[in-house]
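# Reading the structure
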Amino acid sequence: MTDTPGDDQTARRPRRLTRLRWLPAWLLLPGCVLAGAAAGGAYGKLKPPEYTATSYVIAVPTEKSDPATALGFAQAYGRVATQLAVLGDAQVAARVPVAELRRSVRAATSPDAPMVAISATAGRPARAADIANAVSRALTINANQTEDRTHVQLLQFTRAMKPGAPSSAGPIVTTLVGASAGGLLGGLALLVRPRRRAPEPVVTVPVPAPAPAADLKR
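A brief look at the structure comes next. (Residues numbered from 1 in each chain as written. Predicted model: local features only at pLDDT ≥ 70, side-chain atom pairs only at ≥ 80, totals over all residues. Heavy atoms only, no water.)

### So, the nonpolar core
What tends to happen in soluble globular proteins is that the nonpolar side chains get buried as a cluster. By size, the foremost hydrophobic cluster in this structure holds 31 residues, and its most contacted members are Leu 101, Val 105, Ile 118, Ile 131, Val 135, Leu 139 and Leu 154. Where this core is concerned, the elements lending two or more residues are β1 (51–61), α3 (67–80), α4 (84–94), α5 (98–104), β3 (115–122), α6 (125–144) and β4 (152–158). Among the elements that take part in this core, α6 stands out by supplying 9 residues, more than any other. For Ile 118, the contacting residues outside a window of four places in its chain are Ala 53, Thr 54, Ser 55, Ala 81, Val 105, Arg 106, Ala 132, Val 135, Ser 136 and Leu 139. (Core = buried A, V, L, I, M, F, W, Y, C linked by side-chain atoms within 4.5 Å. Buried < 20%, exposed > 50% of the residue type's maximum accessible area, 1.4 Å probe, protein only. Helix = DSSP H or I, 4+ residues; strand = E, 2+ residues; numbered from the N terminus. Contact = heavy atoms within 4.5 Å.)

Right, here's the structure in full:
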């Protein structure tokens, strides 16, 4: 009879558990922390930095509207900013495909101010700023085409500038995150680690002493 791959894996599990059982507990947790820190530091150094630039647009009510209406339309424009109708117009100015715009562009609104923040992330600072400005410009043009019906005008409040520092986590942060994750995994491994079985106590059964000869005669 030939052994199946499942039988081999089943036979290997007791061996792995035995190795984990005999590994010193004081060595498992620090080893996991060091391994996680090394992996996190390597990830932070090897991953290319990313930069984020943000542009702001503001909704302004016309004479036939009021600030509350402008605030409501700002919330709506924030949801429309990442839709195909806007990104399709922005891809020409940004020189970026729509699929990449969907991955890199985010829009955020405020419940108190009629303003929309459009952020773009890219591998170069200038590219991130160009994408954010292109999307905010396309959103403004699309919104103002319906100004006669909405009575709200969308204006560019501030242009996106080239960021001076990357927005992605650096090697120090990724090292700390990796060390924390390694410590957590090490702690979980200690919880599920098979314990050494204490030797079972030897039970001695007393042997009865031989009966005296006088008792046997009776």
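That was the structure; now back to the text.
### A closer look at the pairing of β3
Judged by how many residues are buried, β3 sits mostly within the fold: 6 of 8 residues are covered. In the sheet, β1 pairs with β3 via 8 bridges, with the strands oriented antiparallel. Looking across to β3, one finds that Thr 54 is bridged to Ser 119. Relative to β3, strand β2 (residues 105–109) runs antiparallel, the two being bridged by 5 bridges. What sits directly across from Thr 109, in β3, is Val 116. Turn length for the β2-β3 hairpin, with the two strands adjacent in sequence and antiparallel, is 5 residues. (Pairing = 2+ DSSP bridges.)

### Quick notes on the environment of Ala 126
As for its placement among the helices and strands, Ala 126 is situated in helix α6. When the C-alpha positions of Ala 126 and Met 161 are compared, they lie 7.9 Å apart, and in sequence the two are 35 residues distant.

### Focus: the sheet that holds β1
With antiparallel pairing, the 4 strands of this open sheet are ordered in space as β2-β3-β1-β4. Every other strand in the sheet has two partners, leaving β2 and β4 as the edge strands with one partner each. Strand-to-strand twist of the sheet, defined as the mean angle between neighbouring strand axes without regard to direction, takes the value 25°. The sheet contacts of α6 involve β1, β2, β3 and β4, and relative to β1 the element is tilted by about 20°. (Axes fitted to C-alpha atoms, helices over the stretch in contact; angles between N-to-C directions.)

### Observations regarding α6
Given a rise of 1.5 Å per residue, 20 residues ought to cover 28 Å, and the 29 Å separating the end C-alpha atoms of α6 matches this to within 8%. Residues of α6 that are buried include every one of Ala 128, Ala 129, Ile 131, Ala 132, Asn 133, Ala 134, Val 135, Ser 136, Ala 138, Leu 139, Thr 140 and Ala 143, and no others. (Expected span 1.5 Å × (residues − 1).)

### Regarding the pattern of salt bridges
Under the defined criterion, the tally for this structure stands at 1 salt bridge. Among the salt bridges present, the one from Arg 127 reaches Glu 100, with a minimum N-O distance of 3.7 Å. Here Arg 127, found in helix α6, pairs with Glu 100, found in helix α5; they are 27 residues apart in sequence, far enough to count as distant. Residue Arg 127 is classed as partly exposed on the basis of its relative accessible area, which comes to 25%. (Salt bridge = Lys/Arg side-chain N within 4 Å of Asp/Glu carboxyl O.)

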